[in-house]
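# Chains, contacts and geometry: an overview
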Amino acid sequence: MNGREQNGIGMTSARTRERLIDRLKAEGIKNTVVLERMRAVPRHLFVDEALASRAYEDTALPIGFGQTISQPYIVAAMTVALIEGVSPRPTRVLEIGTGCGYQTAVLAPFVQHIYSVERIQPLLQRARSMLAELKISNVSLRHGDGWHGWRAQGPFQGILVAAAPEDVPPELCEQLDEGGRLIIPIGARGRQTLLRVTRIGEEFQREELLPVSFVPLVAGTAT
Ligand code: SAH
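This report concerns the structure included in the present document. Within every chain, residues take consecutive numbers counted from 1 along the sequence as written. Local features in this predicted model are restricted to residues of pLDDT 70 or higher, and side-chain atom pairs are both shown and tallied only at a pLDDT of 80 or more, whereas totals for entire chains, interfaces and linings draw on every residue. Only hydrogens and water are set aside when side-chain values are computed; all heavy atoms of the structure are taken into account.

## Considering the nonpolar core
Filter applied, for reference: What we call a nonpolar core is a set of buried Ala, Val, Leu, Ile, Met, Phe, Trp, Tyr and Cys residues that are connected through their side-chain atoms within 4.5 Å. Accessible area is worked out with a 1.4 Å probe on protein chains only. A residue is then buried under 20% of its type maximum, exposed over 50%, and partly exposed in between. Only DSSP runs of H or I reaching four residues or more are called helices, and only runs of E reaching two or more are called strands; each is numbered from the N terminus. Contact definition: two residues touch when any of their heavy atoms are within 4.5 Å.
Counting residues in each nonpolar core, the largest one holds 54 residues, and the members touching the most others are Leu 24, Ile 29, Met 38, Phe 46, Ile 69, Tyr 102 and Leu 107. Among the secondary structure elements, those contributing two or more residues to this core are α1 (14–26), α2 (32–40), β1 (61–64), α3 (72–83), α4 (102–107), α5 (121–133), β5 (139–143) and β9 (203–212). Looking at this core element by element, the count peaks at ten residues for α3. Among residues more than four places away in sequence, those in contact with Phe 46 are Val 41, Ile 63, Ile 69, Cys 100, Gly 101, Tyr 102, Ala 105, Met 130 and Leu 134. Ranked by size, the runner-up nonpolar core spans 20 residues in total, among them Ile 96, Cys 173, Leu 176 and Ile 184.

Structure representation (structure tokens):
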């Protein structure tokens, strides 16, 4: 570890984490393996030390560069929306918006390989070292603009987007495999909806999952 407690005491204790799991259950997360994973991933290591005491609250928190670590409920709900009822486990999943890597870490055991794209280079570097520290190795990270997906690695059985465009980027649909699922927030700030888009041949079926609040999907990259 990087000198910070992994199991710890006080606000990062097992009891504090258990309260988060109780809260997720109360909010409607029923998938027990996802709940177990939410309990296991040390969210306090993904945020600044000054915020570690709040890491097991069910809220988004700042991670620098104007970005946030997603709210645990949303991470759990997106993970469930992507993997539930899918068997065998998806082989290739694309994530857009690595951020600090928390969603990546939660999802990793449920898929064979994650390809994750982040536009802000320093965030990507931090995510890379945190995932290595947690010995999560089935992930490939790339600095790039997620609007274009990661065509060379597709098609993907799942695509999970952690930032909101106004509407679904066509290139992401093109990179979905047959039967593949795209989990994506769309809409303007303050009134976004989380969608699940499922590819059936050349049809893309849309389901509205829940109202959400994400940072915008921004075009281009930043160093
Ligand atoms: N997945 C993170 C949440 C990250 S917040 C978690 O687990 O908490 C959303 C991230 O999307 C930010 O880091 C932001 O920089 C990134 N982002 C926004 N637009 C992007 C784009 N076009 N391509 C790649 N990443 C993008």
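## Considering unusual backbone geometry
For the bond running from Ser 87 to Pro 88, omega is -5 degrees, close enough to zero to count as cis. Cis geometry marks the peptide bond from Gly 154 to Pro 155; its omega dihedral reads 0 degrees. Relative to the assigned elements, Pro 155 resides in the loop between β5 and β6 (156–161). The phi dihedral of Phe 65 is positive, around 60 degrees, even though this residue is not glycine. By the element assignment, Phe 65 lies in the loop between β1 and β2 (67–69). Its relative accessible area of 47% is what places Phe 65 among the partly exposed residues.

## A word on the site of the ligand
Rules: Whether a residue is near a molecule or strand is decided by its heavy atoms; if any one of them lies within 4 Å of it, the residue is near. Nitrogen and oxygen atoms within 3.5 Å of one another constitute a polar contact, given that in protein one can donate a hydrogen and the other can accept it, and given that sequence-neighbouring residues count only through two side-chain atoms. Exposure was quantified through the Shrake-Rupley algorithm and a 1.4 Å probe, taking into account, for residues, occlusion by the shown protein chains and nothing else. Gly falls in the polar group here, along with every residue not listed as nonpolar (Ala, Val, Leu, Ile, Met, Phe, Trp, Tyr, Cys, Pro) or charged (Asp, Glu, Lys, Arg).
With respect to spatial proximity, 27 residues lie near the ligand, and among them Ser 70, Gln 103, Glu 118, Gly 146 and Val 218 are the closest. A distance of 3.3 Å is found between a nitrogen atom of the ligand and a backbone nitrogen or oxygen belonging to Arg 119. Within the side chain of Asp 145, an N or O atom sits 2.9 Å from a nitrogen atom of the ligand. For the ligand, the accessible surface in isolation is 570 Å², of which the surrounding protein chains cover 99%. Residue assignment for the shell around the ligand shows that the elements contributing at least two residues are β2, β3 (92–96), α4 and β4 (113–118). It is β2 that provides the largest number of residues to the shell around the ligand, a total of three residues. The residue makeup of the shell around the ligand, split by class, is 14 nonpolar, nine polar and four charged.

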